[in-house]
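Reading the structure
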Amino acid sequence: MSATAREPLFSAKNKKLLSDPLNDNNPVTIQVLGICSALAVTVQMKGALVMSLAVIIVTMLGNVVISSMRNVIPPRIRIIVQLVVVAALVIIVDQVLKAFVYDVWKQIGVFVGLIITNCIIMGRLEAFALSNKPWPSALDGIGNGLGYGIILMITAFFKELFGSGKLFGIQIIPDSFYEFGYENIGLMLLPPSSLVIVAIIIWVQKARNPKLIEAH
Amino acid sequence: MHYFEIFYRAAFIDNMIFTFFFGMCSYLAVSKTVKTAVGLGAAVIFVLGVTIPVNYLLNAYVLKEGALAWLGTEFETIDLGFLSFIMFIAVIASIVQLVEMLVEKFSPALYGALGIFLPLIAVNCAILGGALFMQQKDFSNVGEATSYGIGAGFGWFIAIVLIAAIRERIKYSHVPGPVRGVGMAFILTGLMGLAFLGFLGF
């Protein structure tokens, strides 16, 4: 097959771009990128969902934009160019969220702005978009955004369920439990609990796949 | 005294790492030895101490609603707040670049020590996060903003040095395979975060 021949949109290679970050190459638990927001916006699932969507959109669009400009960006100033592109995208996302889901926007507040410095995005731009065509870059962006989103949702699930007995703001743990003396774990609403939950996710993931275990 | 209060609050109660997880990426990546941790921590204090006042002035005289009033009455209603992300990050990236050039020129020894960390700092969430919190807190003058910046940097410095010290020690312990490295760093940070909640009065 010549280099110019079109490969199918969802070839095996492209599917791998999409699925790898969900599992063995997860941006949060394995590459340890983008932790700040992953830990901070997980008190409620709603906030976590909105944040994940925002990150997926920004990684995808950022990857596409940088990838289509990759031949004209001078290497010396590429960081600034990337920052400006990402910042512009984040401003758009921020304004959209402010307009349509104001209460969630208020809750996750500054963390939307911090998507700009989310290492996942910069990392993917540097490592992938600068050397690949727009379509694979888009898939790579979606894949990594999803990998990030999954960790966010799992963490938020446990935090909201045990911290306030709710999921997406709807009460899950029935009143009869509380009458028996069940209580919400206040610790789950505090910042340190997300670290421990993510650590447990890492533990499970690496225990299932021993080749990911780090040497000292 | 008032300035010290802001400093103390930023460094301990609202600690960048333990309460907001700002700058976790470099915190986890560069905390393997105390020496490098001190280098990066010092660089963060310095950069926050410089960029927060600059961003404060930018916010107070250009971006905030009504901030352009000094140009004339017809500018009083303009609110450029939506531009703050891009302006802050531009200021941060250029100051970091500038600092890097100055340090390289005037103190090659310090540059050797900080060199690799400085470019990393431009994309450290702690710096942009500090600027965004500064905007939210609405300080009344540059002095307050500066003490906030230095305080936040100091809190970050303490956090990374502490975790580096613990990680240096834990190398000799028998940690279960799957949590070795990053996993353990997470759990340790969580435990330290619990301790730091003490400053809040829990």
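What you see is a predicted model; the values in this text were computed from it and never measured. (Residues numbered from 1 in each chain as written. Chains lettered and ligands numbered in written order. Predicted model: local features only at pLDDT ≥ 70, side-chain atom pairs only at ≥ 80, totals over all residues. Heavy atoms only, no water.)

Points about the overall build of chain A
Check the secondary structure of chain A and you find 10 helices and two strands. Ordering the α and β elements of chain A from the N terminus gives α-α-α-α-α-α-α-α-β-β-α-α. Once the C-alpha set of chain A is aligned to its principal axes, its extents read approximately 70 × 45 × 35 Å. When burial is assessed residue by residue, chain A has 49% of its 216 residues classed as buried. Residue pairs at least 24 apart in sequence account for 74% of intrachain contacts in chain A once pairs closer than 6 positions are excluded. Looking at chain A as shown, the accessible area adds up to about 10,300 Å², and 68% of this sits on carbon and sulfur atoms. (Helix = DSSP H or I, 4+ residues; strand = E, 2+ residues; numbered from the N terminus. Buried < 20%, exposed > 50% of the residue type's maximum accessible area, 1.4 Å probe, protein only. Contact = heavy atoms within 4.5 Å. Areas by Shrake-Rupley, 256 points an atom, 1.4 Å probe, with all protein chains shown as cover.)

Things to note about the interface of chain B and chain A
Taken together, the contact pairs 43 residues of chain B with 39 residues of chain A. Roughly 3,600 Å² of surface becomes buried between chain B and chain A when both sides are summed, with 84% attributable to carbon and sulfur atoms. For chain B, the biggest contributors to the area lost against chain A are B:F21, B:F85 and B:F186; these three give 19% of the whole. Mapped by element, the contributors of at least two residues to the side of chain B that touches chain A are α2 (16–20), α3 (24–29), α5 (84–106), α8 (125–137) and α10 (182–196) of chain B. It is α10(B) that provides the largest number of residues to the side of chain B that touches chain A, a total of eight residues. By residue class, the composition of the side of chain B that touches chain A is 29 nonpolar, 12 polar and two charged. (Buried area = accessible area lost by both parts, 1.4 Å probe. Nonpolar A, V, L, I, M, F, W, Y, C, P; charged D, E, K, R; others polar.)

Looking at the packing of α8(B) against helix α9 (residues 142–170) of chain B
Residues and elements named next belong to chain B. Relative orientation of the contacting elements α8 and α9 amounts to 140°, with a least axis distance of 11 Å. As the angle between them shows, α8 and α9 are arranged oblique. Note on packing geometry: the crossing formed by α8 with α9 is right-handed. For the pair α8 and α9, contact is made by A126, G130, F133, M134 and K137 and by A145, Y148 and W156, respectively. In terms of residue class, the contact of α8 with α9 is made up of six nonpolar, one polar and one charged. (Axes fitted to C-alpha atoms, helices over the stretch in contact; angles between N-to-C directions. Parallel < 35°, antiparallel > 145°, perpendicular 65-115°, else oblique. Left-handed = near helix turned anticlockwise from the far one by under 90°.)

Re a nonpolar patch on the surface
Residues and elements named next belong to chain A. Nonpolar side chains collect at one region of the surface, where L22, L146, I150, I154 and F158 lie side by side and expose about 350 Å² of accessible area between them. Tracing the backbone shows F158 in helix α8 (residues 134–164). We classify F158 as partly exposed; its relative accessible area is 33%. (Patch = residues over 30% accessible without salt bridge, like charges linked within 9 Å, V, L, I, M, F, W, Y side chains within 5 Å. Salt bridge = Lys/Arg side-chain N within 4 Å of Asp/Glu carboxyl O.)

Here we look at the pattern of salt bridges
Residue and element names in this part refer to chain B. Counted according to the given criterion, the structure contains four salt bridges over all chains. A salt bridge links R9 to D14; its shortest N-O distance comes to 3.5 Å. For D14, a relative accessible area of 15% corresponds to the buried category. For D14, the salt bridge identified is with K137, shortest N-O distance 3.4 Å. Of this pair, D14 sits in the loop between α1 (2–13) and α2 while K137 sits in helix α8, placing them 123 residues apart in sequence. Salt bridges here are not isolated pairs; linked through shared partners, they connect R9, D14 and K137.

Fair warning: the whole summary comes from geometry, so function is off the table for now.
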